[in-house]
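# Breakdown of the fold
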Amino acid sequence: MPKAPEAAAKAFNLAEAKARLSRLIRQVEQGEVILIKRYGRVVAKLVPAEAPSRPKRTPGVWKGKVRMAPDFDRVNVEIAKLMEEGPVEPSSG
């Protein structure tokens, strides 16, 4: 997002900025720069926050580092029997 020149920034005195903070934040989110003055002197500048940088994704980085067991999707007969015929029943309710 391009930075707005300070000359184009809107200025508010401190009391006005406190009263309008939510509105000013919305304007800053839209890319505007807001100056806050106290006794006619700029003491603060509200500027849009920079988006945090995300790490670049690299496809295939885990290739060769992960393996699936040969029996990964093989059904365990004992567990299947317990699930189908076991004493536990869903609660009603």
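A short tour of the structure in this document, coming up. (Residues numbered from 1 in each chain as written. Predicted model: local features only at pLDDT ≥ 70, side-chain atom pairs only at ≥ 80, totals over all residues. Heavy atoms only, no water.)

For the rest of this paragraph, the subject is helix α2 (residues 21-29). Listed as buried for α2 are Leu24, Gln27 and Val28. Angular distribution of buried residues about the axis of α2 spans 100 degrees; they occupy a single face of the element. Pointing more than 90 degrees away from the buried face of α2 are the exposed residues Ser22, Arg26 and Glu29. Immediately downstream of α2, the backbone of Gly31 shows phi near 105 degrees, a positive value. (Buried < 20%, exposed > 50% of the residue type's maximum accessible area, 1.4 Å probe, protein only. Helix = DSSP H or I, 4+ residues; strand = E, 2+ residues; numbered from the N terminus. Arc of directions from axis to C-beta.)

The next thing to look at is the sheet that holds strand β1 (residues 10-13). Taken together, three strands build an open sheet; the order of strands is β1-β2-β3 and the sheet is mixed. On the outer flanks of this sheet lie β1 and β3 (41-46), each paired with one strand and no other. When strand polarity is set aside, the average angle formed by the axes of neighbouring strands in this sheet is 30 degrees. In terms of strand pairing, β1 meets strand β2 (residues 34-38) through four bridges, oriented parallel. (Pairing = 2+ DSSP bridges. Axes fitted to C-alpha atoms, helices over the stretch in contact; angles between N-to-C directions.)

The next subject is a nonpolar patch on the surface. Where nonpolar side chains cluster on the molecular surface, the patch consists of Val61, Trp62 and Val66 and spans about 350 Å² of accessible area. Here Val66 shows up in the loop between β3 and α3 (77-85). (Patch = residues over 30% accessible without salt bridge, like charges linked within 9 Å, V, L, I, M, F, W, Y side chains within 5 Å. Areas by Shrake-Rupley, 256 points an atom, 1.4 Å probe, with all protein chains shown as cover. Salt bridge = Lys/Arg side-chain N within 4 Å of Asp/Glu carboxyl O.)

Tracing the chain through its elements places Gln27 in helix α2. Accessibility expressed as a relative area gives 16% for Gln27, which makes it buried. Dropping the residues within four chain positions of it, Gln27 is found in contact with Lys10, Glu32 and Ile34. (Contact = heavy atoms within 4.5 Å.)

Attention now goes to the pattern of salt bridges. Applying the stated criterion across every chain yields a total of two salt bridges. Close ionic contact of Glu32 with Lys10 constitutes a salt bridge, the shortest N to O distance being 3.3 Å. Residue Glu32 is located in the loop between α2 and β2, and its partner Lys10 is located in strand β1; the two are separated by 22 residues in the primary sequence. For Glu32, a relative accessible area of 28% corresponds to the partly exposed category. A salt bridge links Glu16 to Arg20; the shortest N-O distance between them is 3.7 Å.

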